[in-house]
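# Understanding the architecture of this molecule
Here is how the chains run, residue by residue.
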Amino acid sequence: MMSNDLTSKKWKKWTATGMTLALATGLLAGCSGGDDPGKQENQVVRIGVLYGGPENEPYFRQQYTDMYEMMNPNVQFEIVTAVNYDDQRYMQQKPGEEVERPNPYEEMKNLMTGNNPVDVVVIDYGMLRRFTQDNLLQPLDPLIQKDKFDLTDYVDTVIEGIKQAGDNQIFALTPTFTSSALYYNKKIFADNNIEPPQDKMQWADILNLARQVSSGEGEDRTFGFSFNRWSNDGFSSVMSYSESLQLKMWDDKGEKMLVNTDGWADAWDTVYKLYQEDIVPDEEFMQIMYNKMASSDGSYTYDPFGGDLFLKGKVAMTIDGYYYINELRRANDNADKIENFEMVDWDVVTVPTHSSAPDIGGNIYLSQLMGINTKSPNPEGAWDFIKFSNSEDWARLKSRSLHELVARKEFLKPIAGMDYNVNAFTTLKPIPPSTVDEERIYQDNPGIWDVQNVGREMFQKVMSGEMDTRQALAEWEVRGNEILQRIPGADGGVIEPMPMPRVTEEEVTEEVTEEVPAEDTAAEASSEASSEDAAVDEPATDDSAADDTVSTSNTSE
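Residues numbered from 1 in each chain as written. Predicted model: local features only at pLDDT ≥ 70, side-chain atom pairs only at ≥ 80, totals over all residues. Heavy atoms only, no water.

### Some points on the environment of isoleucine 194
- Within the secondary structure layout, isoleucine 194 lies in the loop between α8 (186-191) and α9 (203-213).
- Beyond its immediate sequence surroundings of up to four residues, isoleucine 194 is in contact with Phe189, Leu209, Gln212 and Val213. (Helix = DSSP H or I, 4+ residues; strand = E, 2+ residues; numbered from the N terminus. Contact = heavy atoms within 4.5 Å.)

### Topic: helix α7 (residues 156-165)
- Every buried residue of α7 is accounted for by Thr157, Val158, Ile159, Gly161, Ile162 and Ala165.
- Each element contacted by the buried residues of α7 is listed here: α5 (125-133), β4 (176-177) and β8 (369-372). (Buried < 20%, exposed > 50% of the residue type's maximum accessible area, 1.4 Å probe, protein only.)

### A closer look at the pattern of salt bridges
- Summed over the entire model, instances satisfying the criterion amount to 22 salt bridges.
- Of the charged contacts in the structure, one is a salt bridge between arginine 130 and glutamate 106, with a shortest N-O distance of 3.9 Å. Here arginine 130 is found in helix α5, whereas its partner glutamate 106 is found in helix α4 (residues 104-113), with 24 residues between them in sequence.
- The class for arginine 130 is partly exposed, based on a relative accessible area of 27%.
- Taking the shortest distance from any N to any O, the salt bridge between arginine 479 and glutamate 457 comes out at 3.1 Å. Of this pair, arginine 479 sits in helix α18 (residues 469-486) while glutamate 457 is found in helix α17 (residues 449-464), placing the two residues 22 residues apart along the sequence.
- Overall, arginine 479 belongs to the partly exposed group, its relative accessible area being 25%.
- Residue classification places glutamate 457 among the partly exposed positions, given a relative accessible area of 33%.
- Linked through salt bridges whose partners overlap, the residues forming this network are Glu457, Lys461, Glu475 and Arg479. (Salt bridge = Lys/Arg side-chain N within 4 Å of Asp/Glu carboxyl O.)

Distances and angles like these do not, on their own, reveal function.
And the structure:
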C-alpha cells in the first residue's frame, strides 16, 4: 500500500511538472518577445516586500518569479524585505529600555528611495492609498493603454477596489484576491419552508431569516446564524458585524475615544439581542458540545471537524472564506467514513451588507498588489513582470488554487466539479481604504490594545445584565481615554509581523486534528475562529505549487 501511495504521489508531481512546462512553452513567446534569449541584455529586477525573512524568499520565488526567470534567462530577481520579522523575534530588550521598532511604511519607503531602489513593490490594500498619495508609485494606466493590456476580464471587485485607493487611477495590480461569503444549509431552510438567503441581502434581512429557522433547546439547538463556524465572544461578533461600517474607536491621532455614539450603540444592541434570543451559538453551548464528547473515563470522542458547527448541521448560516469550500469538499469525500454523519447540502451568497454601504463587503482582501516604484531604475522590467503576473496565462495556471481567487473572470469557476454560486465571492467591493495611518497608531501606541480589552469587558457586562449598552459605552470611553492619555508617544512601535507564507486558521485546524486529542482540537478551533484571510494547504499534489499566498500583513485583519 505504501508503495502504491508513493507511486501515486510521484505520478501527480510529474503530471504537475508536465502541465507547468506545457504552459511555460505557451507563455515563452509572449514574455521573451520572440527574441533569441542569448542576444538579450542581462538585467536585474528588484522586488520589495513588506515582511519576510531569508527562509521565505524561496517560497516567494516559487510562487511569483521562478516561472518568469525560466522563460527569460536574461532576467534575475532580487527579493528585498522591508521588515525582517526575525530581527524582532531575536531582539533583546533590557529592562527599562525602550526598544525602537521599525515602521513598515518607512522601511518600505527607504527601499524605494534609497541608493539602490527596488523596481517592484508588493504591498497590501491598507497601504495602497498612502503610497499613491505620497507619489511613491507610478500610475499604470498609461502603460496599460500603451501595451493594450486587456483588463476587461478583470473582476470588478478587484479593479474598482484598486481605483478607490488611487482616486480612480490604477497604481497597482494583483493577480489574486481572497474573499468570503455567506454559507447556508439548504436543508434547514427547506425543512422550515423558508426561502433561503439571496445575494446582496442586508444584515437586518439575514438576521430575520436566522430568527425564523432557529429551533430546539440545549444540545439539540439549531442556530440561525453564526459569525463564524465555531463561536465567538460577543465583542468579536460586534467587530465582525460592524466592520464595513468603519466605526471608529478613537480619533485620527489615537488620542481621544469615539465609542459613545449611536452607531456603536446600534451595533452592540444588534449583536447582544442575537445572543439573548439564542440565535447565535455562545461559548456555553460550545462547552456543552465538548462535554458531550467526553467519556466517564476521561477519554474523548474524536471530532474530525474540530467543532465546526456548520458541518455538524447546527448552524443555518455562517460567514467564511473561499478556502472553506475545500473543507466542505473533503468532508463530502469522506462522509462514508464518519459515523452518524450526514453531509450538509449547502450553497453561498454574498456576505450581508449595511444599508449605508449596500455594495461593500467586509471580507475582501487584495493582499498581493504589485506596483512600480517611481524611482525604479528598471521600470520597463518591472512592468513586464507585473504584466506577466497578471496575464491570462498566469491566471490559468493559478486557477487551480483551493483557497485564493484569481482576478480574471474567465478562470473563476467552481472547483472540483462542484456546483455553487461562485459570484458570491466577487460581487461586493472591498472596504474603502482608510485615509488615516491606522497601522502607525498601533505601532506608536502598543498599549492601545488595552482599549479593546476594556471594550470586551464592557460588552460582557452588557451580556450578563450588569449594564445597559449606553452605560457600558460611556464607561468604555472614559476608561479608554485614561489609557490613551498615559500611552507615551514613540518613534517606533510594535509591529504585527506576518510570515510569508501565512500559517492559517485552516492549516492549524487540520494539523491539530491529525495530531492531538479531540478536546484540544475543539478548543483550539474555537479560539482561532475569528482569524480571517486564511488558507487551506493541500499536500504536495498537482496543485500544491499554486496554492499559497505571500503575506504582506494588514493590521485590520
